[in-house]
Amino acid sequence: MSLFERYLSLWVALCIVAGITLGHLAPAAFAAIAAMEVARVNLVVAVLIWLMIVPMLLRVDFGALHSVRRHWRGIGVTLLVNWAIKPFSMALLGTAFLGYLFAPLLPAGASSSYIAGLILLAAAPCTAMVFVWSNLVDGEPNYTLSQVALNDLIMVVAFAPLVGLLLGVASITVPWNTLMLSVGLYIVVPVLVSQVLRRALLRGGGARLDRFLSAVGPFSLASLLLTLVLLFGFQGEQIVRQPLVIVLIAVPILFQVYLNAGIAYGLSRRLGVDWCVAGPSALIGASNFFELAVAAAISLFGLGSGAALATVVGVLVEVPVMLSIVAMVKRTRPWYERGVTAG
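Just so we're clear, the structure is a prediction, and the values are computed from it rather than from any experiment. (Residues numbered from 1 in each chain as written. Predicted model: local features only at pLDDT ≥ 70, side-chain atom pairs only at ≥ 80, totals over all residues. Heavy atoms only, no water.)

1. Regarding the overall build of the protein
The condition that has to hold: The helix and strand labels rest on DSSP assignments: H or I over at least four residues marks a helix, E over at least two residues marks a strand, and numbering proceeds from the N terminus. The quantity called the radius of gyration is restricted to C-alpha atoms. Its globule counterpart is 2.2 Å times the number of residues to the power 0.38. Working definition: with a 1.4 Å probe on protein chains only, accessible area under 20% of the residue-type maximum means buried, over 50% means exposed, and in between means partly exposed. The contact rule is simple, with two residues in contact once any of their heavy atoms fall within 4.5 Å. Where accessible areas are quoted, they stem from the Shrake-Rupley method and a 1.4 Å probe; at the residue level, only the protein chains shown are allowed to cover.
A tally of helices and strands in the protein yields 15 helices and 2 strands. The C-alpha atoms of the protein give a radius of gyration of 19 Å, which matches the 20 Å a tight globule of 343 residues would have. The dimensions of the protein, computed from C-alpha atoms along their principal axes, are 60 × 50 × 35 Å. Burial analysis of the protein (343 residues in total) assigns 55% to the buried set. Across the protein, contacts joining residues at least 24 apart in sequence account for 86% of those joining residues at least 6 apart. Just so you have it, the protein exposes about 14,100 Å², and 68% of that area is on carbon and sulfur atoms.

Structure (structure tokens):
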């Protein structure tokens, strides 16, 4: 993990301060950026999101899917958590905390928008940072790569129906046209572009791809941070009035992350999955594709929406929370392997 990635939460916090400050100092500039839309897609944000997502998808080798059979139990556990547990548990936790328990402390009428952001956050499994987490726990690289590739393929067809279902259950109006446009812009097209570009780069050998990824990596992270500055520029007034909002939104995210990591890790142990697969399984089960969540929230609900703010809170807590799970997985390795051996 690079120094920049390790302190991502610090950079996000600085972006919050910068965005709020700039939003107050230059409201006209932010209004002009917000007006640059076509079919409810903000052009500035769309470019930034593409710069975020495409370099991450370049790391995914869909040819690795042949490894699925070798790690079928670990793959099965992670698929169960990613697609059958995590989105629904987030909808439930978001509704319980933000819709009821914390509702009196939140801005009037904002709960449903925050819940929508949490649903978007949980509906897409992590694509890029999970390679970092897996490496930190000495995870099986072939399993990690095949799991990410399989999740990305599922996301192409399952993201929109799953989000639509859960938003409907949460009694939030689903703008289906915008949702399908978001899936096309931020999942389907980036997957196709990244794979075409990946194949072209690999004609010059793996080293050429690695050099390209190293070169574009900083642009990806810079694009994420610039997007956050824009988001907080629009959210600044609300945050200054209600600083407690960010803390309250973080609560169901923290519950959900640790819950799903625990389910994936415990179920893997029960099924006798090797620790080198169970570790990344827990991390993939817990982490989210927050870049996609931010993009979808902006497209569906707007730059100044509570949904967009909720997805950004996910970015804020991602690194410290996932590092804590890495530490727990590594510390519990003897306990895990005793259980697998006994089974």
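2. So, the side chain of serine 113
Note that serine 113 resides in helix H6 (residues 111-122). Discounting chain neighbours no more than four positions away, the residues touching serine 113 are Ser305, Gly306 and Ala307.

3. Let's talk about the side chain of serine 268
You can see serine 268 is positioned in helix H11 (residues 244-270). Those residues within four positions of serine 268 in sequence are excluded, and the remaining contacts are Val77, Val273, Ala278, Ser281 and Tyr336.

4. A word on helix H8 (residues 141-169)
For the record, the criterion: At every residue, the bend is computed as the angle between two fitted axes, covering the seven residues ending there and the seven beginning there respectively. Whenever a nitrogen or oxygen atom comes within 3.5 Å of another N or O atom, the pair is scored as a polar contact, on the condition that within protein one atom can donate a hydrogen and the other can accept it, and that pairs from neighbouring residues in sequence are kept only if both atoms are in side chains.
The largest bend along H8 reaches roughly 55° and is located at alanine 158, with the proline proline 161 sitting one to four residues downstream. With a side-chain oxygen positioned 3.0 Å from the backbone nitrogen of asparagine 142, the residue opening H8 is glutamate 140. Directly after H8, the chain includes serine 171, whose backbone phi takes a positive value near 60°.

5. Comments concerning the packing of helix H5 (residues 72-101) against H8
Just so we agree on the cut-off: As a rule, the C-alpha atoms of each element are fitted with a line to give its axis, helices using only the stretch in contact, and angles between N-to-C directions run from 0 to 180 degrees. Any angle from 65 to 115 degrees is called roughly perpendicular, while one under 35 is roughly parallel, one over 145 is roughly antiparallel, and all others are oblique. Left-handed describes a crossing whose near helix is turned anticlockwise from the far helix through less than a right angle; right-handed describes the clockwise counterpart. Think of it as three bins: nonpolar holds Ala, Val, Leu, Ile, Met, Phe, Trp, Tyr, Cys and Pro, charged holds Asp, Glu, Lys and Arg, and polar takes everything else, Gly as well.
For the pair H5 and H8, interaxial distance at closest approach is 11 Å and the crossing angle is 30°. Judged by the inter-axis angle, H5 sits roughly parallel to H8. As H5 runs across H8, the sense of the crossing is right-handed. Contacts between H5 and H8 involve Gly74, Ile75, Thr78, Leu79, Asn82, Trp83, Pro87, Phe88 and Ala91 on the former and, on the latter, Tyr143, Ser146, Gln147, Leu150, Asn151, Ile154, Met155, Ala158, Leu162, Leu165 and Leu166. When the residues that make up the contact of H5 with H8 are grouped by side-chain class, the tally is 14 nonpolar, 6 polar and no charged.

6. Remarks on the packing of helix H7 (residues 129-136) against H8
Relative orientation of the contacting elements H7 and H8 amounts to 155°, with a least axis distance of 10 Å. Compared by their axis directions, H7 and H8 come out roughly antiparallel. Of the two elements, H7 crosses H8, and the hand of that crossing is right-handed. Facing Val130, Phe131 and Ser134 of H7, the residues of H8 in contact are Thr144, Leu145 and Val148. Here the contact of H7 with H8 is composed, by residue class, of 4 nonpolar, 2 polar and no charged.

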